[in-house]
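# Notes for the structure review
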Amino acid sequence: MSPAAERTPWHWLVVGRTSRSLVLVVVFVALLLDNMLLTVVVPIVPTFLYSTEYEGANTSDAPMQTEPSPPALKAPPFISMFSYFDNTTITILGSTSTVELVNRTESSPTSQPPTTSPPVPSGCPEGEEFLAQENVRVGLLFASKALVQLVVNPTVGLLTNRIGYHIPMFIGFVIMFLSTVMFAFSGTYTWLFIARALQGIGSSFSSVAGLGMLASVYTDDAERGNAMGIALGGLALGVLIGAPFGSLMYEFVGKSSPFLVLAFLALLDGALQLCILQPSKICPESTRGTPVFTLLRDPYILIAAGALCFSNMGVAMLEPTLPIWMMQTMCSPKWQLGMAFLPASISYLIGTNLFGILANKMGRWLCSLIGMAVVGISLLCVPLAKNIYGLIGPNSGLGFAIGMVDSSMMPIMGYLVDLRHTSVYGNVYAIADVAFCMGFAIGPSTGGAIVRAMGFPGLMVIIGVINMAYAPLCWYLRNPPAKEEKMAILSQGCPLQIQSYTAQKTLRDFPLTDDSDVEAENAE
């Protein structure tokens, strides 16, 4: 081939389709946009619902609060003389009934306490009962995405075994784009709920297919751990950008602006998938994967899934409740509601990239154990904050610890399948995503109710203690045994870790072509 032909865009595209690095880029971008949309609504929805649904009550109360204030200032000097000079008080105040004047004098002391409250709640919302109910409603809205994703994930795992990972990835992009546009133009709670649930379907396709694709391309355990850490870095970056980006755009531009920007970025992601993944091709797995129910009976997979669930449940409970708690106790403006999550997002980004490499050296089980313990301690410290600066330390520790757990548990799920089951990864990463979604489903839906019953500090104590109590179970992942046919390796005294970590079949170019199975059989 001539040098000029090698420099053409078509040649670059053909070479790029066989590159594992570009596959990692596609998954990175998909997780980035998914989690930007996940967190961009966190500071927007509570204040948007408050401004739209409580605005009528505020406007109706405003004239009632402004009318009594002028008489309250003038009433005491004249009403003090009321019992002696009836005619003078009546002519000055212009009232025709003395009973009304007495009632105004009796109500004037009670109207004085509000005169001290307006300077304090200059940025604070007024409807305490409305905010208490909003905790539950916002929690259910946030949980709807995870609940739908929880139901769809097993189906996506089976679908990837039958048709491969490319088409489900592209389906996820299409659904995510529709959900983003719906968020931009939804003006009621019902439409926001539907958009959030639709996002759950798209996220299920993108995350299960993306993680399964990485596990199938990076067969070496060390490389897989690094790739998973980079991909989770995309997830972390989405969480990092989402909440501050949403709060700033909502404050200074408008509600629809952040979602329209995300919709444009989603179109670019779709174009990238069309070029790299060729989603029109059906590439089924060459071997039959282990059924989901068989994997769910594996105690080691359940322990790893539980670690993912409970560690992420902490931040899932914070998403709907922390902004409302800040509105009530700190009188925080809109832009601070999203910025409060910035330390957690930055530390999560650092944690996933750092421990994607270190966890393999220090032991992923130990990394997860320490991470869950730190998650519990950080959650216990959140209610101690008196302002937004007091949240920097607890939220930073929370994000860093969750990064430790995620970057350790995701590679462990693939390793357990290699060690104890068939090396087909769609179903096991469907389980991992189900565990992740259970945290984000149970957390917001129950968090609002617990806050209403026990308060925000009580909620943090409950979830913090749960994480610290679950952490010792990660010790069982220290040296999981092989299953059935691989037990012979143990009896020979061979280093099982090396045997299970290396691929037994030849690597094939990605994406798979129609003749790839024939080539693999000839190579064997």
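Residues numbered from 1 in each chain as written. Predicted model: local features only at pLDDT ≥ 70, side-chain atom pairs only at ≥ 80, totals over all residues. Heavy atoms only, no water.

- In the nomenclature of an unreviewed UniProt entry, the protein is known as VMAT1 protein of Thinocorus orbignyianus.
- Word for word, the UniProt comment on the protein under Subcellular location (unreviewed entry) is "Cytoplasmic vesicle, Secretory vesicle, Synaptic vesicle membrane".
- UniProt, in the comment section headed Sequence similarities (unreviewed entry), describes the protein in these words: "Belongs to the major facilitator superfamily. Vesicular transporter family." (UniProt positions renumbered as here; feature names shortened; annotations may be inferred.)

## Observations regarding the overall build of the protein
- Helices and strands together make up the secondary structure of the protein, namely 24 helices and zero strands.
- Each of the 524 residues in the protein was classed as buried or not, and the buried ones make up 51%.
- Considering only contacts in the protein between residues 6 or more positions apart, those separated by 24 or more positions represent 85%.
- Carbon and sulfur atoms form 67% of the exposed surface of the protein, whose accessible area is close to 23,100 Å². (Helix = DSSP H or I, 4+ residues; strand = E, 2+ residues; numbered from the N terminus. Buried < 20%, exposed > 50% of the residue type's maximum accessible area, 1.4 Å probe, protein only. Contact = heavy atoms within 4.5 Å. Areas by Shrake-Rupley, 256 points an atom, 1.4 Å probe, with all protein chains shown as cover.)

## Here we look at the packing of aromatic side chains
- Summed over the entire model, instances satisfying the criterion amount to seven aromatic pairs.
- Ring centres of Phe183 and Phe259 lie 5.3 Å apart, and the angle between their planes is 10°; on these two criteria the pair is classed as stacked. Of this pair, Phe183 sits in helix H10 (residues 166-185) while Phe259 sits in helix H13 (residues 256-276), and the two are 76 residues apart along the sequence.
- A relative accessible area of 1% means that Phe183 is categorised as buried.
- Judged by its relative accessible area of 1%, Phe259 falls in the buried class. (Phe/Tyr/Trp six-rings, centres within 6.5 Å; stacked < 30°, edge-to-face > 60°.)

## A word on the packing of H10 against helix H11 (residues 189-217)
- Closest axis-to-axis distance for the H10/H11 pair is 8 Å, and the angle between their directions is 155°. The orientation of H10 with respect to H11, classified from their angle, is roughly antiparallel. Between H10 and H11 lies a crossing whose hand is left-handed. (Axes fitted to C-alpha atoms, helices over the stretch in contact; angles between N-to-C directions. Parallel < 35°, antiparallel > 145°, perpendicular 65-115°, else oblique. Left-handed = near helix turned anticlockwise from the far one by under 90°.)

## Concerning the pattern of salt bridges
- Under the counting rule described, the total for this entry stands at one salt bridge.
- The residue Asp298 makes a salt bridge to Arg420 at a minimum N-O spacing of 2.8 Å. With a gap of 122 residues between them, Asp298 in the loop between helix H14 (292-296) and helix H15 (299-329) and Arg420 in helix H19 (residues 392-420) connect regions that are remote in the sequence. You'll find Asp298 and Arg420 in the same group, each marked buried. (Salt bridge = Lys/Arg side-chain N within 4 Å of Asp/Glu carboxyl O.)

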